[in-house]
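Next come the chains, spelled out residue by residue.
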Amino acid sequence: MSGLALKFTSLLIRTVAKPISNSIKAQAKEHENFRRKCIWFAQMMHHTDLKMRMNLVGEKKIKIRPLNDNKAIEKGANFLSEMFVFSVAGSLILFESFRSRKKTNLEKSNVQDDITFLQDEIVALQHELEEMKTKLVERPTNGPANKAADASAK
């Protein structure tokens, strides 16, 4: 798949993820089990957030009042829907990174194969050149064939 097609596919998936995240919000308000989980999750986030803030300020002993159910459902559902969109976008980034790394490694491998082939070719040509030099040195210089070759060379 070309890079441009992959980018468009990624954009399409991100666009489709937004309505899905909105349906997650709607499901949190409609289904009892999901609503309870959203409330629990939102209360836990609220409790952790306030504790961290108060620790930064220096307050150690604080009483944290829980969120009301409507606010907790809204915050929990909102967080889960945003987490869904984030995970889809993160997955697409990881996929693109993996694909890019794989492509780069393949290109490196191809270049290494080409270099190895060319090095082998150079070694073969050097051996052939050495053989020709050896034959040229071993060739008698006073024979009739050599005299004719010398005469035609002049």
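None of the values given here were measured: they were computed from a predicted structure.

**As for the side chain of S81**
Mapping S81 onto the fold places it in helix 3 (residues 69-138). Residue classification places S81 among the buried residues on the basis of a relative accessible area of 0%. Filtering out sequence-adjacent residues up to four positions away, S81 remains in contact with S21, I24 and K25.

**A few points about the packing of aromatic side chains**
Working definition: an aromatic ring pair is given by the centre-to-centre distance plus the angle between the planes. Following the criterion strictly, the structure yields 1 aromatic pair and no others. With 5.0 Å between their ring centres and 40 degrees between their planes, F41 and F79 make a pair best called tilted. Within this pair, whereas F41 is found in helix 2 (residues 32-57), its partner F79 is found in helix 3, the two being separated by 38 residues in sequence.

**Structural notes on helix 1 (residues 3-30)**
In a regular helix each residue adds 1.5 Å, so 28 residues correspond to 40 Å; helix 1 covers 41 Å between its end C-alpha atoms and thus fits that length. All of the buried residues in helix 1 are L6, S10, A17, S21, I24 and A28. Taken together, the buried residues of helix 1 touch helix 2 and helix 3.

**Thoughts on the nonpolar core**
Here is a general trend for soluble globular proteins: nonpolar side chains tend to be buried in one another's company. Listed in full, the 5 residues of the largest apolar core are I39, A42, L67, A72 and I73. For this core, the secondary structure elements donating two or more residues are helix 2 and helix 3. Sequence-distant contacts of A42, that is, excluding residues within four places in its chain, are made with L67, A72, K75 and G76.

Thresholds, definitions, all that
- Residues numbered from 1 in each chain as written.
- Predicted model: local features only at pLDDT ≥ 70, side-chain atom pairs only at ≥ 80, totals over all residues.
- Heavy atoms only, no water.
- Helix = DSSP H or I, 4+ residues; strand = E, 2+ residues; numbered from the N terminus.
- Buried < 20%, exposed > 50% of the residue type's maximum accessible area, 1.4 Å probe, protein only.
- Contact = heavy atoms within 4.5 Å.
- Phe/Tyr/Trp six-rings, centres within 6.5 Å; stacked < 30°, edge-to-face > 60°.
- Expected span 1.5 Å × (residues − 1).
- Core = buried A, V, L, I, M, F, W, Y, C linked by side-chain atoms within 4.5 Å.

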